[in-house]
Amino acid sequence: MPMRPQRPFDHEATLDEFAGVGKHSRFDATIDDEEITDIQVICKRGDEEIPLAKPSRAFYFGDRKLYEQEAKRFDQQEKARILNTDQFPRNLTRFEELKRACQRGFVIPFVGAGMSKGAGCPEWKEYLLNLCGDTRLDREAIRIRLEEMDDYEGVMNDLVTDLGGNRFNLDFERDFQIPDEITGAVTLLPRLFDSCAITTNFDRVLERAYESDGKAFVEKVTGRGRSSAFFRAIPAGERYLLKLHGNLDNATERVLNKDEYDAAYGNGGDINMTFPLPKLLRRLFVSYSFLFLGCSLSVDRTILTLMRVAQHEGLDNLPHHYALLASPDDMDKKKTIDDRLAEAHVSPIWYPDGEHEHVGQILALLLD
């Protein structure tokens, strides 16, 4: 993390320029941090510049050892702030473990709708609620089913039934048009994971983010399509994208409403490990570490599948998996999520509810 002192002169002052100042005893005796008003110390992380509140005398007088100690102390404080270690003390250990796994190339990003929302696409719950205006369904009743029952499959099924499949398909792709310029935490993923990725999103935000970074995916496959190519691409270091639940414009391979979930995972909500997606997820889950990003990890078919895999394989036989998650304010709800993730062998790195900017900050820490 480069750090540099600045003065309001024609050029940036270097540490060596300040080295001689400390030789003058009158400065040692009379100058303190309060009096150093014309110097600003900048902490630079990527393209982001963070001014430090007050430079210590170590910066001003050019003591390299103290300079390095101060830089390390700042780095640790900044990491603690981003990881919210006061509130979530386990975050630091989990983060360091995740970072080592990323550096060794063992982590596959598993990208959910939350990452697309930061890039300008509608959040999934918001999208479903807005669809109620085109149907005869009661918006408040639908909201309760989504927020209190996690009944996304059932709600989607009722919306499509009321609208009619043809009418729904006609506008579905248009509703998820992405902006010309992708912004947000998703833009960091090509720098962190220059290989394969998985997404449950139907939009093309992730594809655009990789294209904008000059790292377009060589191939896209779907969970109900030619997924075997994805497995060959991982050890080969090729850049493949697995669109687990399909694309916007291909209803044949799409997993969206209840009937399509039943066809992909098993009828009646039961997970059948011989069906296409459970087989695919099991093979990946036992071989690589996932980092869930923008995923709620509520009680849906994906997390139920991973819980089933963990139960069958045994936790000791699985790699560690991770998730960046907003912590509910309700501690009982948080405990329920913690217990569910533990059953699926997923370690959450929590951040305060609603403070989604932490996702990008944590990803930037992984890049350091």
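Please read all numbers here as calculations on a predicted model, not as lab measurements.

Draft legend 1. Summary view of the sheet that holds strand β8 (residues 289–293). Overall, parallel pairing links the seven strands, which are arranged β6-β7-β5-β4-β8-β9-β10 in an open sheet. The sheet is open, and its two edges are formed by β6 (219–222) and β10 (346–352), each paired on a single side. In this sheet, neighbouring strand axes are inclined to one another by 25° on average, regardless of whether the strands run parallel or antiparallel. Of the strand pairs in this sheet, strand β4 (residues 107–111) and β8 are connected by five bridges, and their pairing is parallel. Each residue of the ladder has a partner; that of V111, found in β8, is L293. Contacts between helix α13 (residues 228–236) and the sheet are confined to β4, β5 (197–199), β6 and β7 (240–243), with β7 contributing the most and set at about 145° to the helix.

Draft legend 2. Geometry of the environment of T161. Residue position: T161 is located in helix α9 (residues 152–163). Given the relative accessible area of 59%, T161 is considered exposed. Between the C-alpha atoms of T161 and T135, which are 26 residues apart in sequence, the distance is 9.6 Å. At 2.7 Å, the side chain of T161 and the backbone oxygen of N157 are in polar contact.

Draft legend 3. Representation of the nonpolar core within the structure. I198, F230, L244, Y265, L284, F292 and L297 are the most contacted members of the largest nonpolar core, which has 42 residues in total. Apart from residues no more than four positions distant in its own chain, L284 is found in contact with I198, F230, F231, I234, L242 and F290.

Draft legend 4. Expanded view of the pairing of β4. For β4, a buried count of five out of five residues is recorded, marking the element as mostly surrounded by other parts of the structure. Burial along β4 is two-sided: V107, P109 and V111 facing one way and I108 and F110 facing the other are all buried. Across two bridges, β4 lies against β5 in parallel orientation. By the bridge assignment for β5, V111 is matched with T199.

Draft legend 5. Layout of the side chain of E207. Looking at where E207 falls in the secondary structure, it is placed in helix α12 (residues 205–212). When its relative accessible area of 6% is taken as the criterion, E207 is described as buried. Reaching out from E207, the side chain makes a polar contact with the side chain of K220 at a distance of 3.3 Å. A polar contact of 3.1 Å, which involves the side chain of E207, links it to the side chain of K243. Other than its neighbours up to four places away in sequence, E207 contacts F217, K220, L241 and K243.

Draft legend 6. Highlighting the pairing of β8. Extensive coverage of β8 is indicated by the burial of five of its five residues. Here β8 shows no split at all, with S289, L291 and L293 on one side and F290 and F292 on the other all buried. Pairing of β8 with strand β9 (residues 321–327) involves two bridges; the strand directions are parallel. Residue pairing in the sheet places L291 in a bridge with Y322 of β9.

Reading the values: the criteria
- Residues numbered from 1 in each chain as written.
- Predicted model: local features only at pLDDT ≥ 70, side-chain atom pairs only at ≥ 80, totals over all residues.
- Heavy atoms only, no water.
- Pairing = 2+ DSSP bridges.
- Helix = DSSP H or I, 4+ residues; strand = E, 2+ residues; numbered from the N terminus.
- Axes fitted to C-alpha atoms, helices over the stretch in contact; angles between N-to-C directions.
- Contact = heavy atoms within 4.5 Å.
- Buried < 20%, exposed > 50% of the residue type's maximum accessible area, 1.4 Å probe, protein only.
- Polar contact = N/O pair within 3.5 Å; in protein donor to acceptor, adjacent residues only side chain to side chain.
- Core = buried A, V, L, I, M, F, W, Y, C linked by side-chain atoms within 4.5 Å.

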